[in-house]
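So you can see what is in the structure, the chains are spelled out below.
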Amino acid sequence: MSKANSTTAPRETARLKRRRIIVVVVPPVDELDLVGPIQVFSVANRLVRQAVYEVEIVTNTRDLRVQGEGGLLSFTAQRRLQDVKGKADSLLLVCGLGTRTARDPTLFAWMKKMAPVVRRLGAVCVGSFLLAEAGLLNGKRATTHWKFGREFASRYPQVKVQFNPIWVKDGNIYTSAGISAGIDLALGWVEDDCGSRISHEIAREFVLFLRRSGGQTQLSASLSAQASEMKAIHELQLWIAENLHSNLSVQNLADRTAMSVRNFERVFTRELGKTPSHYVLEMRAEAARRQLEITDQGLKQIAASCGFTSADSMRRAFLRSVGTTPYTYRCQLRGPERCA
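Residues numbered from 1 in each chain as written. Predicted model: local features only at pLDDT ≥ 70, side-chain atom pairs only at ≥ 80, totals over all residues. Heavy atoms only, no water.

## Focus on helix α6 (residues 180-194)
Part 1: Relative to the 21 Å expected for 15 residues at 1.5 Å per residue, α6 spans 21 Å between its end C-alpha atoms, a close match to the ideal helical length.
Part 2: Burial within α6 is extensive, with twelve of its 15 residues counted as buried.
Part 3: The first or second residue beyond α6 is Gly-195, which carries a positive phi of 100°. (Helix = DSSP H or I, 4+ residues; strand = E, 2+ residues; numbered from the N terminus. Expected span 1.5 Å × (residues − 1). Buried < 20%, exposed > 50% of the residue type's maximum accessible area, 1.4 Å probe, protein only.)

Structure below.
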């Protein structure tokens, strides 16, 4: 990618406020949890042609060398926690699976002191465990990686654990599902600071399939479509994703696989753990959610394009799959003035 093509922000971009982001690492860290968000802020600086983000990596350990949890990469922090001076706009906490149970009173006291005075305090993936241990999530909504949600809820009953969202904001505290969701969280911060056009341009540079909002679920029906090891079922799932507006009755789907209806339902359910009808509804609900996020189309238009017979049938499927109505979901994403 050439520099000319990748720098698309107009030269007349208004001067944006400079933001100091302190990334606190508790090593060993998950490498992508650290690198992903930092790269988002770096690309934002390039696209707006301003040093909007001043990112500092600090560690709670004496050694400035930060080991990656995979053992293949290491990083060098710029300073130790106790050497941080001056004001910060935002803090982002990153650790690893093993260090989610770290007990560092100095770190916890520092975060509790900083939380009320920074605009944003975020944690990537299981970093939410450390925020909870410091008492910063008591009575607040928070999330973590789906594999550790039950453990998180068991350890910290005072936290209102949200098991599904990509990331959650409660007050000025943000928690995310981690790995690629750390990138989504950073894109959310960039959207707040620099506007949605810049955040979407970063997502395009990262070749992200979908710019995900905080409300999107961690476990994707589209991803589960790739889980079948049986070629005929896998090919059918790909065809379903491309033809949601078509008649996807069980009979028609069985015909495409050259199976009887009875055998097709048995094989499909065995391969994916759900019936064909349930699967089709989930895929249509997920497609509707994407349309709600990226378009201004009305609910009737979205319902028709995703294969629902009416906006009401979409509402029922959406409520079962996503846990809220399409109207409420759009309101949560865009605000009441744009949710019609």
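## Regarding the side chain of Arg-120
Part 1: With respect to the element layout, Arg-120 can be found in strand β7 (residues 120-123).
Part 2: Using a relative accessible area of 1% as the deciding quantity, one classes Arg-120 as buried.
Part 3: Within the local environment of Arg-120, its side chain forms a polar contact with the side chain of Ser-90, the two groups lying 3.0 Å apart. (Polar contact = N/O pair within 3.5 Å; in protein donor to acceptor, adjacent residues only side chain to side chain.)

## Focus: the sheet that holds strand β5 (residues 79-80)
Part 1: Judged by pairing direction, the sheet is mixed, and its seven strands sit side by side in the order β5-β2-β1-β6-β7-β11-β10 without closing on themselves. A strand with exactly one partner marks an edge of an open sheet, and here the two such strands are β5 and β10 (167-170).
Part 2: By the bridge criterion, seven bridges tie strand β1 (residues 19-25) to strand β2 (residues 53-59) in an arrangement that is parallel. Residue pairing across strands places Ile-21 opposite Val-55, the latter belonging to β2. (Pairing = 2+ DSSP bridges.)

## Some details on the nonpolar core
In globular proteins that are soluble, nonpolar side chains generally tend to be buried together.
Part 1: With 70 residues, the main nonpolar core has Trp-110, Met-111, Leu-131, Phe-152, Val-190 and Ile-202 as its most contacted residues.
Part 2: By residue number, the principal contributor to this core is α6, which donates eight residues.
Part 3: With sequence-adjacent residues up to four places away left out, Val-190 is seen in contact with Val-40, Phe-41, Ala-44, Tyr-53, Gly-195, Ile-198, Ser-199 and Ile-202. (Core = buried A, V, L, I, M, F, W, Y, C linked by side-chain atoms within 4.5 Å. Contact = heavy atoms within 4.5 Å.)

## Describing the packing of aromatic side chains
Part 1: Going through the model one piece at a time under the given rule, you end up with ten aromatic pairs.
Part 2: Measuring from ring centre to ring centre gives 5.0 Å for Phe-41 and Tyr-53, while their planes differ by 45°; the resulting arrangement is tilted. Of this pair, Phe-41 sits in helix α2 (residues 31-48) while Tyr-53 is found in strand β2, placing the two residues twelve residues apart along the sequence. The pair Phe-41 / Tyr-53 is uniform in exposure class, with both members buried.
Part 3: Taken together, Phe-41, Tyr-53, Trp-167, Tyr-174 and Trp-189 form an aromatic cluster joined through their ring pairs.
Part 4: Between the NZ or CZ atom of Arg-100 and the centre of the ring of Phe-129, over which it lies, the distance is 5.8 Å.
Part 5: Cation over ring: Arg-150 sits above Phe-163, and NZ or CZ is 4.3 Å from the ring centre. (Phe/Tyr/Trp six-rings, centres within 6.5 Å; stacked < 30°, edge-to-face > 60°. Lys NZ or Arg CZ within 6 Å of the ring centre and 35° of its normal.)

## Considerations on the packing of α6 against helix α7 (residues 196-205)
Part 1: In contact at an axis separation of 7 Å, α6 and α7 are set at 145° when each is read in the N-to-C sense. Between α6 and α7, the contacting residues are Leu-187, Val-190, Glu-191 and Cys-194 on the first element and Ser-196, Ile-198, Ser-199, Ile-202 and Ala-203 on the second.
Part 2: Here the contact of α6 with α7 is composed, by residue class, of six nonpolar, two polar and one charged. (Axes fitted to C-alpha atoms, helices over the stretch in contact; angles between N-to-C directions. Nonpolar A, V, L, I, M, F, W, Y, C, P; charged D, E, K, R; others polar.)

## Re the pattern of salt bridges
Part 1: In total, this model carries 21 salt bridges according to the counting rule given.
Part 2: Arg-141 serves as the salt-bridge partner of Asp-170, at 3.9 Å between the closest nitrogen and oxygen. A residue pair is termed long-range when its members are at least 10 positions apart, and Asp-170 in strand β10 and Arg-141 in strand β8 (residues 141-142) qualify at 29 residues.
Part 3: On the accessibility criterion, Asp-170 (17% relative accessible area) is buried.
Part 4: Among the salt bridges present, the one from Lys-274 reaches Glu-282, with a minimum N-O distance of 2.7 Å. Glu-282 shares its class with Lys-274; the two are buried.
Part 5: It is possible to trace a salt-bridge network through shared partners that takes in Arg-19, Asp-89, Arg-119, Arg-120 and Asp-193. (Salt bridge = Lys/Arg side-chain N within 4 Å of Asp/Glu carboxyl O.)

## A closer look at unusual backbone geometry
Part 1: A cis amide bond links Pro-27 with the next residue in sequence, Pro-28, at an omega value of -5°.
Part 2: Note on placement: Pro-28 falls in the loop between β1 and α2.
Part 3: Despite not being glycine, Cys-125 shows a phi value in the positive range, around 55°.
Part 4: Relative to the helices and strands, Cys-125 is located in the loop between β7 and α4 (127-133).
Part 5: Residue classification places Cys-125 among the buried positions, given a relative accessible area of 2%.
Part 6: One non-glycine residue with positive phi stands out, namely Ala-258, at about 55°.
Part 7: Within the secondary structure, Ala-258 sits in the loop between α10 (250-256) and α11 (261-272).

## Overview of the pairing of strand β6 (residues 90-94)
Part 1: Within β6, five of the five residues are buried, which leaves the element mostly enclosed by the surrounding structure.
Part 2: Burial along β6 is two-sided: Ser-90, Leu-92 and Val-94 facing one way and Leu-91 and Leu-93 facing the other are all buried.
Part 3: In this sheet, β6 lies alongside β1 in parallel orientation, the contact comprising five bridges. Bridge pairing links Ile-21 to Ser-90 in β6.
Part 4: Note: β6 against β7, four bridges, orientation parallel. When the bridges of β7 are listed, Leu-92 appears paired with Gly-122.
Part 5: You can see the chain leave β6, run along helix α3 (residues 105-114) and come back into β7, and the turn it takes is right-handed. (Right-handed = clockwise from strand over helix to strand, strands pointing away.)

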